[in-house]
Amino acid sequence: MVRVDTDGNERAGKGPFRVTLGVSAGISIYKACDLVRRLKERGCEVRVVMTGHAAQMVAPVTFQALSGNAVITDLFTGAGEPSIAHIELAKWEDLLLVAPATANVLGKFARGIADDFLSTHYLATTAPVLLAPAMNGNMWRHPAVRENLKILEERGHVFLQPGRGSLACGDVDEGRLPEPVAIAEEALLLLSKAGDLSGMEVLVTAGPTREALDPVRFLSNRSSGKMGYAVAREALRRGAQVTLISGPTSLEPPRGSRLVPVTTAAEMEAAVAQHFPACQVLVMAAAVADYRAAQILPDKRKKAKGGWTLALEPTADILSNIRGLKKKGQFVCGFAAETEEVKANARKKLEDKGLDLIAANDVSAEGVGFDSDRNALILLWPGGAEERVPETTKAACSRALWDAISEALHGA
Ligand SMILES: Cc1cc2nc3c(=O)[nH]c(=O)nc-3n(C[C@H](O)[C@H](O)[C@H](O)COP(=O)(O)O)c2cc1C
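These numbers were taken from a predicted model, which means no experiment stands behind them. (Residues numbered from 1 in each chain as written. Predicted model: local features only at pLDDT ≥ 70, side-chain atom pairs only at ≥ 80, totals over all residues.)

**Focus: the overall build of the chain**
What the chain contains, in helices and strands, is 14 helices and 19 strands. Whereas a compact globule of 412 residues would reach a radius of gyration of roughly 22 Å, the chain reaches 24 Å, a difference of no more than 12%. Across the 412 residues of the chain, 41% fall into the buried class. (Helix = DSSP H or I, 4+ residues; strand = E, 2+ residues; numbered from the N terminus. Rg over C-alpha atoms; globule rule 2.2 N^0.38 Å. Buried ≥ 20, exposed ≤ 12 C-beta atoms within 10 Å, placed from the backbone.)

This is the structure in structure tokens:
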């Protein structure tokens, strides 16, 4: 979407960051008043949208006075010209920040319900979305809320984790809205990163490969593709053009990516060789089979007495082959899924394959790695430097990975 100035002209420079602050009816709404000030202190222009329920908790005039702009509470403005302010605001903003985000708002955003200004505007925006949920601890843990959060995270939105402490309902539990300064800082961080891969061609591989044994059976592995898809989604969010070469997964391709579906390691190799020359960054997060059947049976092998001994042969080593194609300025990041000697094995892979970075993960660890929504990484650089990304969501791992790559690319 083309961003425009208030006079309708295409926006020339970056100017001060423009933040739409969505305010919904959580008891921590009082912190949203201070948040407007914290954002303005950091040079942001702020426009506030309140839900109808939020406007019953705090009068819109409070936010009007603090932001210096009229507050939007209604989709239908009533008299006069029909307004499409929800679209105009989407063209104006650099970030949609919702704080506090109620369970209700999370549900509406996740499921695409557009029955008021804020939820309709959410569907119209292409800006990054930062959500600061806050609610009672039982609400926060409810499966409906967990499911909605998962959908929104997979969509590429960023969350501020609610804190633990004493809640308005009297419980000491999870669910507190973070302090306004922390929210404003996160918003600024997101805004400054939003375009750091702008115009860059990024190639990501994801998922498992399948190696046929006969027309109905195959060899594969436990990769779900979630890590690679998260890496692709984060690159898109930061402005890159993303080609995603993916083995078979059950995941929705990230909106805006160019999907190249493949099945076997040989197809993955051919697709990488085709798309690599045009990319500036390659992230190989796919779990490519190391072996395939030496012979694929033309017909289904019938069940019979005795065993079935398979002869396997190695598949191509995609990363080693890329080494020969790599031009100056191209950056290649590999992943190492290990079950033992994680760091030592990953460092060997980094050096043997001449990579610029490797993200090592221990796929035998409980609750992380294959098919999980969480992961923990060790980023290893040539020359011995390393950085740990402690266990977190795969979306947050991807942010840390791109922070590291972006820093290397921009020479920070
Ligand atoms: C005093 C009060 C405090 C509330 N606090 C919260 C809260 O912190 N988080 C939340 O998700 N819902 C909270 N609710 C419930 C929401 O206000 C309710 O779900 C409402 O429908 C949300 O509307 P909105 O999302 O359109 O603003 C509270 C309700 C009341 C009456």
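**A word on the site of the ligand**
Among the 15 residues in the neighbourhood of the ligand, the closest are listed as Ser24, Ala25, Gly26, Thr51 and Thr102. Listing elements by their share of the shell around the ligand, those giving two or more residues are α2 (52-57) and α5 (103-111). The greatest single-element share of the shell around the ligand, amounting to three residues, is contributed by α5. In terms of residue class, the shell around the ligand is made up of eight nonpolar, seven polar and no charged. (Near = placed C-beta within 6 Å. Nonpolar A, V, L, I, M, F, W, Y, C, P; charged D, E, K, R; others polar.)

**Focus: the packing of helix α10 (residues 226-237) against helix α14 (residues 394-409)**
Following both chains from N to C, one finds α10 and α14 inclined at 55°, their axes separated by 8 Å at the closest point. Considered as vectors, α10 and α14 are oriented oblique to each other. Seen from above, α10 lies across α14 with right-handed handedness. Here Lys226, Met227, Ala230, Val231, Glu234 and Ala235 of α10 lie close against α14, whose contacting residues are Lys394, Ala395, Cys397, Ser398, Arg399, Leu401 and Trp402. For the contact of α10 with α14, a count of residues per class yields eight nonpolar, one polar and four charged. (Axes fitted to C-alpha atoms, helices over the stretch in contact; angles between N-to-C directions. Parallel < 35°, antiparallel > 145°, perpendicular 65-115°, else oblique. Left-handed = near helix turned anticlockwise from the far one by under 90°. Contact = placed C-beta atoms within 7 Å.)

**Points about the sheet that holds strand β1 (residues 18-23)**
Spatial strand order, β2-β1-β3-β4-β5: five strands in an open sheet with parallel pairing. The sheet is open, and its two borders are formed by β2 (45-50) and β5 (158-159), each paired with just one other strand. Across four bridges, β1 lies against strand β3 (residues 95-101) in parallel orientation. From the neighbouring strand, Gly22 faces β3, where its bridge partner is Val98. (Pairing = 2+ DSSP bridges.)

**Thoughts on the pairing of strand β18 (residues 374-380)**
The side chains of a regular strand alternate, residue by residue, between the two faces of the sheet. Across three bridges, strand β17 (residues 357-362) lies against β18 in antiparallel orientation. Of the residues in β18, the one forming a bridge with Ala359 is Leu379. Hairpin geometry of β18 and strand β19 (residues 386-393) is characterised by an intervening segment of five residues between the two adjacent antiparallel strands and by a positive phi of about 95° at Gly383.

**Topic: the nonpolar core**
Ranked by size, the top nonpolar core spans 57 residues in total, and within it Val204, Ala235 and Ile358 carry the most contacts. Counting residues per element, this core draws most heavily on α10, which supplies seven residues. Listed in part, the 49 residues of the second largest apolar core include Ala32, Val71, Leu118 and Ala132. (Core = buried A, V, L, I, M, F, W, Y, C linked by C-beta atoms within 7 Å.)

**Regarding the domain arrangement of the chain**
Domain assignment breaks the chain into domain 1 (18-193) and domain 2 (201-297 + 309-409). Using C-alpha coordinates to define each centre, domain 1 is positioned 35 Å away from domain 2. Taken together, the four residues of domain 1 in the interface contact seven residues of domain 2. Residues of the side of domain 1 that touches domain 2, tallied by class, amount to one nonpolar, one polar and two charged. (Domains from an automatic or database assignment.)

**Section: the sheet that holds strand β13 (residues 281-284)**
What the eight strands build is an open sheet, ordered β12-β11-β8-β13-β16-β17-β18-β19; its pairing is mixed. For this open sheet the edge positions go to β12 (258-261) and β19, each flanked by a neighbour on one side alone. Direction aside, neighbouring strands of the sheet carry axes that sit 15° apart on average. Here six bridges tie strand β8 (residues 201-206) to strand β11 (residues 241-246), and the two strands are oriented parallel to one another. Paired with Glu201 across the bridge in β11 is Gln241. Against the sheet, α14 touches β13, β16 (331-338), β17, β18 and β19, its axis set at about 155° to β19.

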